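# Summary of the model geometry
Residue strings, one per chain:
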Amino acid sequence: YYGIPHPMVSSGQLKSIILEGHKAGFQWAVHSNGDRDIDALLDAYADALEQFPREDHRHRIEHCSIVGRDTRILERIKHLGVIPVFHEYTYEHGDKYTDYGEERIAMMHAYRSALDLGIQPAGHSDWPVSAADPMIRIQSMVTRKSSQGVVYGPQQKVTPEEALYVWTMGNARAIFEEQERGSIQVGKLADLVILSNDPTRVPADSIKDIKVEKTILGGKIVYEID
C-alpha cells in the first residue's frame, strides 16, 4: 500500500505551483512524509531550479518523515540545497512505528544520516500531534526511545549538542535568520532561556524533565518561574 496518489502530482500541477512560487522569489515549505511523496516534491524543486537557478533558496520539506531505506533521498536533498525540517516524536509515538519495519524505521526522522552528509536540518514539534516542548523533542532525538522504554531506529541518534544546534541555529537558518538569532552572540537578538539543568550533562532519559526557569526576548524577561 503506497497511499493515495494525489492528482496534483500525476497531472504535473505540483511542478507548476512550485515553479510559480520559486520564480516569485518565495521560499517553499511543503508538508511531505513518505519517500515517494518526498521524491515527487524533490522532482518539482529540481525542475524549478533547473529552469530558474537560484542560490541559497532554502526550500524546505516539512516532516520529511521516511526517506526510504538508504541515503539516496537525503543525497538529493543535499544536492538541491533543500532543508529537511524533521519532527522527532518517538517518545510519544514510537510504539506505533512497528508496521513500517526495521529498515524504514532506521531512516525515519533521519537526523543522524542528514548531519553525517553535511545537511543542516531543522526541527519542530508537530504540535498537537506531539508536545510543543523542546526538551521532550531533544530527548527523543538523543535517545530514540519511546515512553515505554523501547528504542526505535538507534541509527538516527544524535548527541545533545547536535540536537540543541538543530533546535537553535538549525531553526534560525531555516527562516533565513541565523544572523539575528539562534546563538548567544554580540549583535544578535537577546532571545534566550535559562534552564534548570544542562541538557548535555544530565542522563539522556531525564532531558525532558529540565524546566525553563526564565525566558528572555529581545533582552526583556517575558517569563520567570515562581
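Preceding block: the structure.
Remember, it's a predicted structure, so these values are computed and weren't measured experimentally.

Looking only at helices and strands, the protein chain features 9 helices and 7 strands. The globule rule puts the C-alpha radius of gyration for 226 residues at 17 Å, and the 18 Å found for the protein chain is close to it. By principal-axis analysis of the C-alpha atoms, the protein chain measures approximately 55 × 45 × 30 Å. Burial status across the protein chain gives 42% buried among its 226 residues. The long-range share in the protein chain, meaning contacts at least 24 apart out of those at least 6 apart in sequence, stands at 64%. If you sum the accessible surface of the protein chain, you get close to 12300 Å²; carbon and sulfur atoms cover 53% of it. In the protein chain, the 25 positive side-chain charges and the 33 negative ones have mean positions that sit 1 Å from each other.

What follows is about the pairing of strand β3 (residues 83-87). With 5 of its 5 residues buried, β3 lies for the most part within the structure. In the sheet, strand β2 (residues 60-63) pairs with β3 via 4 bridges, with the strands oriented parallel. Each bridged residue has a counterpart across the sheet, and for I61 the counterpart in β3 is P84. Taken together, β2, helix α4 (residues 72-80) and β3 constitute a β-α-β crossover, and its handedness is right-handed.

So, about the side chain of H57. With respect to the helices, strands and loops of the structure, H57 is situated in the loop between α3 (35-51) and β2. The exposure class assigned to H57 is buried, which follows from its relative accessible area of 3%. Looking at H57, its side chain comes within polar contact range of the main-chain nitrogen of H59, at 2.9 Å. Aside from chain neighbours lying at most four places away, what touches H57 is Q27, L49, L80, G81, V82 and F176.

Let us now look at the packing of aromatic side chains. Pairs of aromatic rings are described using the distance from one ring centre to the other and the angle between the two planes. One pass over the structure, following the stated rule, counts 2 aromatic pairs. Judged by centre distance (5.0 Å) and plane angle (70°), the ring pair of F86 and Y111 falls under edge-to-face. A residue pair is termed long-range when its members are at least 10 positions apart, and F86 in strand β3 and Y111 in helix α7 (residues 111-116) qualify at 25 residues. Y111 carries the same exposure label as F86, and that label is buried. Residues Y97 and Y152 carry aromatic rings whose centres are separated by 5.8 Å and whose planes lie at 70° to one another, so their mutual orientation is edge-to-face.

Moving on: the side chain of S113. Assignment of secondary structure puts S113 in helix α7. With a relative accessible area of 13%, S113 lands in the buried category. With residues near it in sequence (within four places) discarded, S113 still touches L74, M107 and Q156.

Procedures and definitions
Residues numbered from 1 in each chain as written. Predicted model: local features only at pLDDT ≥ 70, side-chain atom pairs only at ≥ 80, totals over all residues. Heavy atoms only, no water. Helix = DSSP H or I, 4+ residues; strand = E, 2+ residues; numbered from the N terminus. Rg over C-alpha atoms; globule rule 2.2 N^0.38 Å. Buried < 20%, exposed > 50% of the residue type's maximum accessible area, 1.4 Å probe, protein only. Contact = heavy atoms within 4.5 Å. Areas by Shrake-Rupley, 256 points an atom, 1.4 Å probe, with all protein chains shown as cover. Lys, Arg positive; Asp, Glu negative; His and termini not counted. Charge placed at Lys NZ, Arg CZ, Asp CG, Glu CD. Pairing = 2+ DSSP bridges. Right-handed = clockwise from strand over helix to strand, strands pointing away. Polar contact = N/O pair within 3.5 Å; in protein donor to acceptor, adjacent residues only side chain to side chain. Phe/Tyr/Trp six-rings, centres within 6.5 Å; stacked < 30°, edge-to-face > 60°.

No statement about biological role is implied by the geometric values presented.
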